[in-house]
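Summary of the model geometry
One-letter residues, chain by chain:
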Amino acid sequence: MSIEVRPAKREELERINELRRMVNDLHVEGRPAHFKPGFDPELQQHVYDQFEAENEDVLAAVADGKIVGFATVVYVHRPEGPYTLPLDFYHVNEFGVDAAHRRKGVASALVAYMKEDAKKRGLPRLDLDVWAFNESAKAFYDAAGFKTYRYYMEIEL
């Protein structure tokens, strides 16, 4: 299977929303007290807003003419703050692969594309977050070379 990764076209965002819904459903199942069930119009619209945004993109992974994976990314240029130096990085906001196409190189192709795109843009690193319940995503990101650099912790009361 040959996989092409490229910026999505506006007419492909409906299919990307189908994949985003799969990802959202996974999050609802994993953290039901945090994520809203369903896929309401506001959440559907969000990918169109990302598509139109100046410092964001929606990526499509295409195999055999069908979108089988996606990522939404943000090109971050954060100025110096009271605690931090200026930061420039490529943030992976959303990421997903159609369940029927997992373990076929789609996610790896998306990451390879993002690494090259970040380099072309002069951004020195990729950044993402993953929920603790999502063991398969964590395993993939570890295998892809991502390293944990921060933890969020909680106590439920």
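Just above sits the structure.
Only a predicted model underlies this, so the values are computations on that prediction, with no experimental measurement involved. (Residues numbered from 1 in each chain as written. Predicted model: local features only at pLDDT ≥ 70, side-chain atom pairs only at ≥ 80, totals over all residues. Heavy atoms only, no water.)

1. Some details on the overall build of the protein chain
If you tally the helices and strands in the protein chain, you get four helices and five strands. Along the chain direction, N to C, the helices and strands of the protein chain fall in the order β-α-α-β-β-β-α-β-α. Against the compact-globule benchmark of 15 Å for 157 residues, the protein chain has a radius of gyration of 16 Å, which places it among compact chains. Dimensions of the protein chain, computed from C-alpha atoms along their principal axes, come out at roughly 50 × 45 × 30 Å. For the protein chain, the proportion of its 157 residues judged to be buried stands at 38%. For the protein chain, long-range pairs separated by at least 24 residues make up 61% of all intrachain contacts whose partners lie at least 6 apart in sequence. (Helix = DSSP H or I, 4+ residues; strand = E, 2+ residues; numbered from the N terminus. Rg over C-alpha atoms; globule rule 2.2 N^0.38 Å. Buried < 20%, exposed > 50% of the residue type's maximum accessible area, 1.4 Å probe, protein only. Contact = heavy atoms within 4.5 Å.)

2. Some words on the side chain of His 91
Along the chain, the position of His 91 falls in strand β4 (residues 87–97). Among all residues touching His 91, those that are not within four sequence positions of it are Thr 72, Val 73, Val 74, Val 76, Asp 127, Leu 128 and Asp 129.

3. Things to note about the nonpolar core
Among the nonpolar cores identified, the biggest contains 25 residues, and Leu 59, Ala 71, Val 73, Tyr 90, Phe 95, Leu 110 and Met 114 are the most heavily contacted of them. Elements with a contribution of two residues or more to this core: β2 (56–63), β3 (66–78), β4, α3 (106–120), β5 (126–128) and α4 (135–143). Apart from the residues within four sequence positions on either side, Ala 71 is in contact with Asp 57, Val 58, Leu 59, Glu 94, Phe 95, Leu 110 and Met 114. By size, the runner-up hydrophobic cluster in this structure holds 12 residues, among which are Leu 19, Val 23, Val 62 and Phe 70. (Core = buried A, V, L, I, M, F, W, Y, C linked by side-chain atoms within 4.5 Å.)

4. Section: the sheet that holds strand β1 (residues 3–7)
Reading across from one edge, β1-β2-β3-β4-β5 is the order of the five strands in this open sheet, with mixed pairing throughout. Lying at the two open borders of the sheet, with one neighbouring strand each, are β1 and β5. Going from strand to strand, the sheet's axes swing by 30 degrees on average, the running direction of each strand aside. As paired strands, β3 and β4 are joined by 10 bridges and run antiparallel to one another. The partner of Ala 71 across the bridge, within β4, is Phe 95. (Pairing = 2+ DSSP bridges. Axes fitted to C-alpha atoms, helices over the stretch in contact; angles between N-to-C directions.)

5. Some details on the packing of aromatic side chains
Summed over all chains, the structure comprises six aromatic pairs. Seen from their ring centres, Phe 95 and Phe 140 are 6.2 Å apart, and the 25 degrees between their planes marks the pair as stacked. You can see Phe 95 sitting in strand β4 and its partner Phe 140 sitting in helix α4, a full 45 residues away along the chain. With relative accessibility at 14%, the residue Phe 95 sits in the buried group. Ring pairs connect the aromatic residues Phe 95, Phe 140, Tyr 141 and Phe 146, which therefore count as one cluster. Looking at Arg 121, its charged tip hangs above the ring of Tyr 75, at a distance of 3.8 Å from the centre. One cation-aromatic arrangement involves Arg 125 over Phe 89; the distance from NZ or CZ to the ring centre is 4.5 Å. (Phe/Tyr/Trp six-rings, centres within 6.5 Å; stacked < 30°, edge-to-face > 60°. Lys NZ or Arg CZ within 6 Å of the ring centre and 35° of its normal.)

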